[in-house]
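# Chains, contacts and geometry: an overview
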Amino acid sequence: MKFGASELSEVEQDALAEIANIGVSRAANSLRQMVGEQVLLSVPAVSIVTRQAASRLVERDNPAKLVAVQQSFEGPFSGRALLIFPEAQSLELVRSIIGDEHSLEDVIDLEHEALAETGNIILNACLATIANVLRRTMRMSLPSVIRGDGATLFDVQGGANGGNLVLFLYIDFTIKHHDVHGFIALLMDLPAITILKAIVRDYIDAIGQQPSSHVG
Amino acid sequence: MQLKALIVDDSKLARMVLASAFRRIQPEWELIEATNADDALEAISARTVDVALVDFNMPGTDGLELIAKMRKTHPKMPVAVISANVQEEIIARARELNAAFVPKPLTDEALAAFLSGAALRLRKAAQ
């Protein structure tokens, strides 16, 4: 996936992937604490795409039926963060979090609650860390659980306000010893990208000035 | 003396996680659960509550707004904000309200540290 030359420079792209990586690593650590197993992460990918292209990317490697926990965020830049799983794996995820001692009935009962709270913890860890790294404040909405295909999750139909292009940032994860695979996606509205570029530029400049500060 | 802890969280799972940590760390404490700010304020006005553990991200009044209200009647009660929103601003606002910040996912160590500090403050206040 290539950027338009006018969108983000290579160094900005690297910086964003690195910032996302810091955020998602913190989120993965939270998930690790919740399930008690290692969480394996892919290399983060950052691109500017249409919502349709983002949904196709999601659908390419996954079954059509997905479940996601989403939170909107607002601040210097706005968008949505989603924690996405194949729907067939959501009960396994819930079971890995609440433990094996609960019956299947309990697991089904708690599925919605557990997904929302898991999403809340993981997405907050990711977004709050990004906000801290960038030294900005972000407001996060309450989590909500949505089900459907990639197009439903990414609001392909309803994305008319603010244009159809989004900054799409995603990272795959797998929970070791559990049949759970999913990914975290951030969709940022394009009008915010000029602001985001300025913020990323500040971050890059700060690295240049303080080589020993919070890098890595 | 049996101590009473108020747990405020809109998520049933989060309340279950807290209650189960309490059973391991302080099984003798009595737990009172509230799912929102109004229920929490009613609970602390209706009975004695020694310690409160409050989620930040809740529908309606958020946890920090709730603690600000609780402080009007309970200025010294040990209170902790429990949240995955580890933004420095949120932690600073908790400090301003004289509340501890306990990150989610909750660990027994973090809860135990808060509760032992709280129990110490309550003993000192009772002397």
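All values reported here derive from a predicted model rather than from experimental measurement.

### Concerning the packing of aromatic side chains
Residue and element names in this part refer to chain A.
- In total, this model carries 5 aromatic pairs over all chains according to the counting rule given.
- Measuring from ring centre to ring centre gives 6.3 Å for Tyr170 and Phe183, while their planes differ by 70°; the resulting arrangement is edge-to-face. Taken together, the positions of Tyr170 in strand E7 (residues 165-175) and Phe183 in strand E8 (residues 180-189) put the pair 13 residues apart, joining distant regions of the chain.
- Classification of Tyr170 as buried rests on a relative accessible area of 18%.
- A residue is classified by how much of its surface remains accessible, and Phe183, at 3% relative accessible area, is buried.
- Taken together, the aromatic side chains of Phe154, Phe168, Tyr170 and Phe183 make up a single cluster linked through ring pairs.

### Notes on the nonpolar core
- Counting residues in each nonpolar core, the largest one holds 90 residues, and the members touching the most others are Phe73(A), Leu167(A), Ile184(A), Leu6(B) and Val54(B).
- For this core, the element with the highest residue contribution is helix H4 (residues 104-133) of chain A, accounting for 15 residues.
- Not counting residues up to four positions away in its chain, the partners in contact with Leu6(B) are Ile32(B), Ala34(B), Ala40(B), Ala43(B), Ile44(B), Val49(B), Val51(B), Ala52(B), Leu53(B) and Met70(B).

### A closer look at the pairing of strand E4 (residues 79-83) of chain B
Residues and elements named next belong to chain B.
- With 5 of its 5 residues buried, E4 lies for the most part within the structure.
- On E4, burial covers both faces: Val79, Val81 and Ser83 on one face and Ala80 and Ile82 on the other are all buried.
- The β-α-β motif built from strand E3 (residues 51-55), the intervening helix H3 (residues 63-73) and the parallel element E4 has right-handed crossover chirality.
- Pairing of E4 with strand E5 (residues 100-103), which is carried by 4 bridges, proceeds in the parallel orientation. In the sheet register, Ser83 faces E5, and the bridge partner there is Pro103.
- In this fold, the crossover linking E4 to E5 by way of helix H4 (residues 88-96) has right-handed handedness.

### Digging into the sheet that holds E5(B)
All names here are of chain B.
- With parallel pairing, the 5 strands of this open sheet are ordered in space as E2-E1-E3-E4-E5. Single-partner strands in this sheet number two, and they are strand E2 (30-34) and E5. Neighbour-to-neighbour, the strand axes of the sheet open up by a mean angle of 20°, direction not taken into account.
- Of the pairings in the sheet, the one linking strand E1 (residues 4-8) to E2 comprises 5 bridges and is parallel in character. Note that in E2 the partner of Lys4 across the bridge is Glu30.

### What to know about helix H2 (residues 37-46) of chain B
Residues and elements named next belong to chain B.
- Taken residue by residue, H2 has Ala37, Ala40, Ala43 and Ile44 as its buried positions. Summarising the axial view, the buried residues of H2 lie within an arc of 120°, below the 170-degree limit, and thus occupy one face. The exposed set on the far side of H2, more than 90 degrees from its buried face, consists of Asp38, Glu42, Ser45 and Ala46.
- Check the buried side of H2 and you find it contacts E1, E2 and H3.
- Between the side-chain oxygen at the start of H2 and the backbone nitrogen of Asp38 there is a gap of 3.1 Å, and the oxygen is on Asn36.

Conventions and cut-offs
- Residues numbered from 1 in each chain as written.
- Chains lettered and ligands numbered in written order.
- Predicted model: local features only at pLDDT ≥ 70, side-chain atom pairs only at ≥ 80, totals over all residues.
- Heavy atoms only, no water.
- Phe/Tyr/Trp six-rings, centres within 6.5 Å; stacked < 30°, edge-to-face > 60°.
- Helix = DSSP H or I, 4+ residues; strand = E, 2+ residues; numbered from the N terminus.
- Buried < 20%, exposed > 50% of the residue type's maximum accessible area, 1.4 Å probe, protein only.
- Core = buried A, V, L, I, M, F, W, Y, C linked by side-chain atoms within 4.5 Å.
- Contact = heavy atoms within 4.5 Å.
- Right-handed = clockwise from strand over helix to strand, strands pointing away.
- Pairing = 2+ DSSP bridges.
- Axes fitted to C-alpha atoms, helices over the stretch in contact; angles between N-to-C directions.
- Arc of directions from axis to C-beta.
- Polar contact = N/O pair within 3.5 Å; in protein donor to acceptor, adjacent residues only side chain to side chain.

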